[in-house]
Amino acid sequence: MKSKSSYNQQQKKSKLNKSKSKPASEDSISNSSEPREEIDLTYGRHAVLAALKSDRQINRLWVTDSLLGHGQFYPLIKEAKANGTIIDEVDSRRLSQLTQGANHQGIAAQVAPYVYWDLTDLIERAKQTPEPVIVIADGIEDPHNLGAIIRTSEALGVQGLIIPQRRAAGVTSTVMKVAAGALENMAIARVVNLNQAIIKLKDAGFWIYGTTTDTDNLLHQTNFSGAVGLVVGSEGSGLSQLTEKNCDQLVAIPLRGKTPSLNASVAAAIALYEVFRQRQ
């Protein structure tokens, strides 16, 4: 005998699948039209759930039978279908193929490209918050590091992130996955000239701090009051020479072991924690 929850789940699935017998061109749920294997996907429950809750356009969604009628996902999938998203019910093996063996957790989505913020709008939005904090990523090339920085920044209450267009990671599906939903609540501007952006932040009243190992100014001894711009250097070379020159103050995380430096996202997390710790 089926339980009430099993019956309700079956009813939900039947509503979403009621047009399955229609031609593929008219149906929003189809297993016949396979996507290209190289498409950029967002996958995992947290990342896709955040995308479903956001204003981002989802072009296509692949979901397993067991997750299709899930209470948390069902109303959002139904709404996405009404907004034109193609819903494909697939098995776990097909999802593994699409995500190249990644931990998809039963769901994947093809999300429209991230729309970056205009720098002026990002600054104006940030200044609506008392003592705003904006992170400037100077040449972060690893999308895992960028995703981790976004996740930490959003969790701690950062108002925005600035990244350069060249020689740096942009917002990709890997970044979305690592950010675990934080991307949908984080304003990100992508600029042609990072140092011009830093100057613009200064003109708006931000004090710019650069993280480095080449200074005696220690992180926990620095006063981070007021509007803060925190620059995090690249994984290999740290801050570029011009970026370092444009910083108002350089700060270092004190290290006691033999390891000379930290991963970029770890350094960003430690620095941001200190900034917000001082404001408690």
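Parameters at a glance
- Residues numbered from 1 in each chain as written.
- Predicted model: local features only at pLDDT ≥ 70, side-chain atom pairs only at ≥ 80, totals over all residues.
- Heavy atoms only, no water.
- Salt bridge = Lys/Arg side-chain N within 4 Å of Asp/Glu carboxyl O.
- Helix = DSSP H or I, 4+ residues; strand = E, 2+ residues; numbered from the N terminus.
- Buried < 20%, exposed > 50% of the residue type's maximum accessible area, 1.4 Å probe, protein only.
- Pairing = 2+ DSSP bridges.
- Axes fitted to C-alpha atoms, helices over the stretch in contact; angles between N-to-C directions.

### A word on the pattern of salt bridges
1) Next: Tallied over the entire structure, the rule returns 3 salt bridges.
2) Next: Note that Arg60 is salt-bridged to Asp88, the shortest N-O span being 2.8 Å. Residue Arg60 is located in strand β2 (residues 58-63), and its partner Asp88 is located in strand β3 (residues 86-89); the two are separated by 28 residues in the primary sequence. Side by side, Arg60 and Asp88 carry an identical accessibility label, which is buried.
3) Next: Of the charged contacts, one joins Glu274 and Arg277 as a salt bridge, the two residues approaching to 2.8 Å between their closest N and O atoms. Here the residue Glu274 and the residue Arg277 both occupy positions in helix α11 (residues 264-277), the gap between them amounting to 3 residues, near one helical turn.
4) Next: Residue class for Glu274 comes out buried when judged on its relative accessible area of 7%.

### Quick look at the pairing of strand β8 (residues 207-211)
1) Next: Of all 5 residues that make up β8, 4 are buried, and the element is covered over most of its length.
2) Next: Strand direction decides the pairing type here: β8 and strand β9 (residues 228-232), joined by 4 bridges, are parallel. Pairing of Gly210 across the sheet is with Val231, part of β9.
3) Next: Of the pairings in the sheet, the one linking β8 to strand β10 (residues 249-251) comprises 3 bridges and is parallel in character. Bridge pairing in β10 places Thr211 opposite Val251.

### Comments concerning the environment of Ser153
1) Next: By the secondary structure assignment, Ser153 is in helix α7 (residues 143-156).
2) Next: On the basis of relative accessible area, Ser153 is assigned to the buried category, the value being 1%.
3) Next: Sequence separation of Ser153 and Val133 is 20 residues, and the distance between their C-alpha atoms is 9.2 Å.

### Thoughts on the sheet that holds strand β5 (residues 133-137)
1) Next: If you trace the 6 strands from one edge of the open sheet to the other, you get β7-β6-β5-β9-β8-β10, paired in parallel fashion. The open sheet has two edge strands with one neighbour each: β7 (188-191) and β10. Strand-to-strand twist across the sheet, computed as the mean angle between neighbouring axes with direction ignored, equals 25°.
2) Next: Across 5 bridges, β5 lies against β9 in parallel orientation. Bridge pairing links Val135 to Leu230 in β9.

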